[in-house]
Amino acid sequence: MITRAKSPGSMTLPARTALANEDLLPVSPDRRTWNWWHIASLWIGMAICIPTYTLASGLVDQGWTWQAAVGAVVLGNCVVLLPIALNSHAGTRYGIPFPVLARASFGVLGANVPAILRGLVACGWFGIQTWIGGWAIYKLIEVMWPGIATLPQFLPAFVGLNTGEFLCFMVFWAMNVWIVLRGMDSIKFLETWGSPFLLAVGVALFVWAAVRAGGIGPMLENPGGQAVGRSGGLTRVFGAGLTSAVAFWGTMALSIPDFSRYARSQRDQVIGQAVGLPATMALFAFIGAVVTNATLVIFGTRIADPVALLARIGGPLMIMLSMAGLIVATLTTNIAANIVAPANAFSNIAPHRISFKQGAMITAVIGIVMMPWRLYNDAAAYIFTWLIGYGALLGPVAGIMIADYFLLRRGDVLVNDLYRRHGTYEYSRGVNWIAMAALAAGVAPSLPGFSAALRGTPAAGIFGGIYNWAWFVGFLLSAVIYMVGMRLRFGSTEQGAARVGA
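Residues numbered from 1 in each chain as written. Predicted model: local features only at pLDDT ≥ 70, side-chain atom pairs only at ≥ 80, totals over all residues. Heavy atoms only, no water.

Attention now moves to the overall build of the protein. Check the secondary structure of the protein and you find 23 helices and zero strands. In the protein, which comprises 502 residues, the share counted as buried stands at 60%. Considering only residue pairs separated by 6 or more positions, the protein has 83% of its internal contacts joining residues 24 or more positions apart. Accessible surface, the protein: about 18,300 Å² in total, of which carbon and sulfur atoms supply 68%. (Helix = DSSP H or I, 4+ residues; strand = E, 2+ residues; numbered from the N terminus. Buried < 20%, exposed > 50% of the residue type's maximum accessible area, 1.4 Å probe, protein only. Contact = heavy atoms within 4.5 Å. Areas by Shrake-Rupley, 256 points an atom, 1.4 Å probe, with all protein chains shown as cover.)

Following this line, the structure appears as structure tokens:
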């Protein structure tokens, strides 16, 4: 008999079935030990990283004022905090991860589509972050041993790395894998104790820039001719800039149940995220923007990449300390944001064959094969193609899941049925085609703009405007289409909640 389980205590499922294994089953109450500080530390550790810095510094490098760059980041993170907190609710209430929660709206088999989409984006981020961490290690060793740059070359030319760079990349790759294979408790420990140190490193970089630039005043001055934003003025600022800031954490807006399932209470997850995310992103984005401004005064040119900047600061001790900080910062972000989600996604494909650790190894291998050092080159492409592009893909998924959980089901989920075939969430042979259609409809309006972005040309007419707001357009459009489709198929919202999949 299937009951509306309010906690995982009623679960009597075997450890491994076609839809379940020990990593995907609800977290038991005794393992829900993360308080608000653990959640806040998780976000502080993820937010203080090089991509956060370059999100703002890249905008300044593209000609934005620091006020516009930081404003877009702050507003975007306040906006994305809402879907993050909403999707966290189910994780905390039922102890289930993101791929399992997605089964309620997409079907027990259809959920593989959003899970794999989220997982592949995370693989891309994992590769990029691993390259950044490996590059920081390389620059740190180079200070102490310059000979690392002249090691005998054994890689083919098309790889694009020298031997030392590749070895440092693999060292950082191995550090990520080692921590993840030790389990979620190791991740909690790393995030909790690494966060205060990371804040100190960021503040130290700001103080250095202020001293070298002759005070805070020059750091806050926008050079003459610098526009409010890129071409398009305010529309560009609150379009592409805001969308890129929201999409930055659009991945975690989906997979946050992977972590909120370990929270002690809804209060802990809400307070922890509200404390840890917006303020930290605001602080580090501000540091990235004004330090980039200061480099124009100090070096005569803007340097948006913090690794390149730290390499020019001078002094072995300073470089060693700063690079060590960047390594820790990248490690905390990479493990939490870019390994856990795809590991669960790959495990969700075949739970009886793929465990969380095996999914993590699949992610790690893809991170090498994709040669991420070739992706992390152009700040404009990073912001206006990568971030907005995958935001157009993941925004619709968030809209569907939130509409399903809060508007259709009113937070009431049949937990047991999420782990079995021919139950409430079977739909049509395991797939909810209404959700699939809503997802396709939400992505479609952004495709012309994305295609133009790949070519490096602005999209014509209305499609350019739609693409600048891609995450929001996809989120709202897919949510509305999903709700209309479900009402037409199952009747009123209340009836739908009771009859979905019947």
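Topologically, Thr52 is positioned in helix 2 (residues 50-61). In this structure, the C-alpha to C-alpha distance between Thr52 and Ala245, residues 193 residues apart in sequence, is 9.3 Å.

The next subject is the nonpolar core. Counting 139 residues, the largest nonpolar core has Trp43, Phe106, Met219, Trp249 and Tyr482 as its most contacted members. Among residues more than four places away in sequence, those in contact with Trp249 are Trp43, Met46, Ala47, Asn77, Val80, Ile84, Leu277, Met281 and Ala337. Trp131, Val159, Phe169 and Trp373 belong to the second-largest nonpolar core, a separate cluster that totals seven residues. (Core = buried A, V, L, I, M, F, W, Y, C linked by side-chain atoms within 4.5 Å.)

The next point concerns the packing of helix 5 (residues 112-144) against helix 16 (residues 340-349). Following both chains from N to C, one finds helix 5 and helix 16 inclined at 145°, their axes separated by 8 Å at the closest point. Crossing angle aside, the handedness with which helix 5 passes helix 16 is left-handed. Of helix 16, the residues touching helix 5 (which contributes Asn112, Ala115, Ile116, Arg118, Gly119, Ala122 and Cys123) are Ala341, Pro342, Ala345, Phe346, Asn348 and Ile349. Of the residues assigned to the contact of helix 5 with helix 16, the class counts are nine nonpolar, three polar and one charged. (Axes fitted to C-alpha atoms, helices over the stretch in contact; angles between N-to-C directions. Left-handed = near helix turned anticlockwise from the far one by under 90°. Nonpolar A, V, L, I, M, F, W, Y, C, P; charged D, E, K, R; others polar.)

When you tally the buried positions in helix 4 (residues 98-106), you get nine out of nine residues, the bulk of the element. For helix 4, the set of buried residues is Phe98, Pro99, Val100, Leu101, Ala102, Arg103, Ala104, Ser105 and Phe106. One or two steps after helix 4, the chain reaches Gly107, where phi turns positive at roughly 100°.

The final tally for this structure, using the stated rule, is 21 aromatic pairs. With 6.4 Å between their ring centres and 80° between their planes, Phe154 and Phe166 make a pair best called edge-to-face. Of the two residues, Phe154 is situated in the loop between helix 5 and helix 6 (163-181) and Phe166 in helix 6; the sequence distance between them amounts to 12 residues. Residue classification places Phe154 among the exposed residues on the basis of a relative accessible area of 51%. With relative accessibility at 18%, the residue Phe166 sits in the buried group. (Phe/Tyr/Trp six-rings, centres within 6.5 Å; stacked < 30°, edge-to-face > 60°.)

Bringing the confidence of the model for the protein into the picture now. Per-residue confidence for the protein gives a mean pLDDT of 82, with 84% of residues at or over 70. Averaged over each element, pLDDT in the protein is lowest for helix 23 (residues 493-499) (47) and highest for helix 19 (residues 433-443) (97). pLDDT under 50 marks residues 1-11. Its contacts with residues more than four places away, or in other chains, come to 29 contacts. Contacts for the low-pLDDT stretch residues 227-234, under 50 throughout, to residues beyond four places or in other chains number 16 contacts. (pLDDT = per-residue confidence, 0-100.)

With that settled, the discussion passes to unusual backbone geometry. The backbone of Met371 shows a phi angle near 50°, a positive value even though the residue is not glycine. Residue position: Met371 is located in the loop between helix 17 (356-369) and helix 18 (379-408). Here His422, not a glycine, exhibits a phi torsion of approximately 65°, which is positive. With respect to the helices and strands, the residue His422 is situated in the loop between helix 18 and helix 19.

Moving on, we come to the pattern of salt bridges. In the structure shown here, the tally under the stated rule is five salt bridges. A salt bridge links Asp268 to Arg264; its shortest N-O distance comes to 3.4 Å. Taking the shortest distance from any N to any O, the salt bridge between Arg409 and Asp404 comes out at 2.8 Å. For the pair formed by Arg409 and Asp404, the shared burial category is buried. (Salt bridge = Lys/Arg side-chain N within 4 Å of Asp/Glu carboxyl O.)

On the surface, a cluster of nonpolar side chains totalling about 270 Å² of accessible area is made up of Trp36, Trp37 and Val275. When you line up the elements, Val275 lands in helix 12 (residues 266-276). Classification of Val275 as partly exposed rests on a relative accessible area of 40%. (Patch = residues over 30% accessible without salt bridge, like charges linked within 9 Å, V, L, I, M, F, W, Y side chains within 5 Å.)

Turning next to helix 14 (residues 306-313). Along helix 14, the residues that are buried comprise Pro306, Val307, Leu309, Leu310 and Ile313. Down the axis of helix 14, the buried set is contained in an arc of 160°. They therefore lie on one face. (Arc of directions from axis to C-beta.)

One way to put it is that helix 1 (residues 36-47) packs onto helix 15 (residues 316-338) with a least axis distance of 7 Å and a crossing angle of 120°. Between helix 1 and helix 15 the crossing geometry is left-handed. Note on element contacts: helix 15 touches helix 1 through Ala329, Thr332, Thr333, Ala336 and Ala337, opposite Leu42, Gly45 and Met46.

Okay, the environment of Asn432 next. As for its position among the elements, Asn432 is in the loop between helix 18 and helix 19. The exposure class assigned to Asn432 is buried, which follows from its relative accessible area of 3%. For Asn432 and Gly107, which are 325 residues apart along the polypeptide, the C-alpha to C-alpha distance reads 5.1 Å. Look past the residues within four positions of Asn432 in its chain and what remains in contact with it is Ser105, Phe106, Gly107, Tyr427, Tyr482 and Met486. Among the polar contacts made by the side chain of Asn432, one reaches the main-chain carbonyl oxygen of Ser105 at a distance of 2.7 Å. Within the structure, Asn432 has its side chain in polar contact with the backbone nitrogen of Ile434 (distance 3.2 Å). (Polar contact = N/O pair within 3.5 Å; in protein donor to acceptor, adjacent residues only side chain to side chain.)

Further remarks concern the side chain of Asn21. The topology assignment puts Asn21 in the segment before helix 1. A polar side-chain atom of Asn21 sits 2.9 Å from the main-chain amide nitrogen of Asp23.

Within the secondary structure layout, Phe406 lies in helix 18. Residue classification places Phe406 among the partly exposed residues on the basis of a relative accessible area of 27%. With 316 residues separating them along the chain, Phe406 and Ala90 place their C-alpha atoms 9.6 Å apart. Setting aside its immediate chain neighbours within four residues, Phe406 contacts Leu86 and His89.

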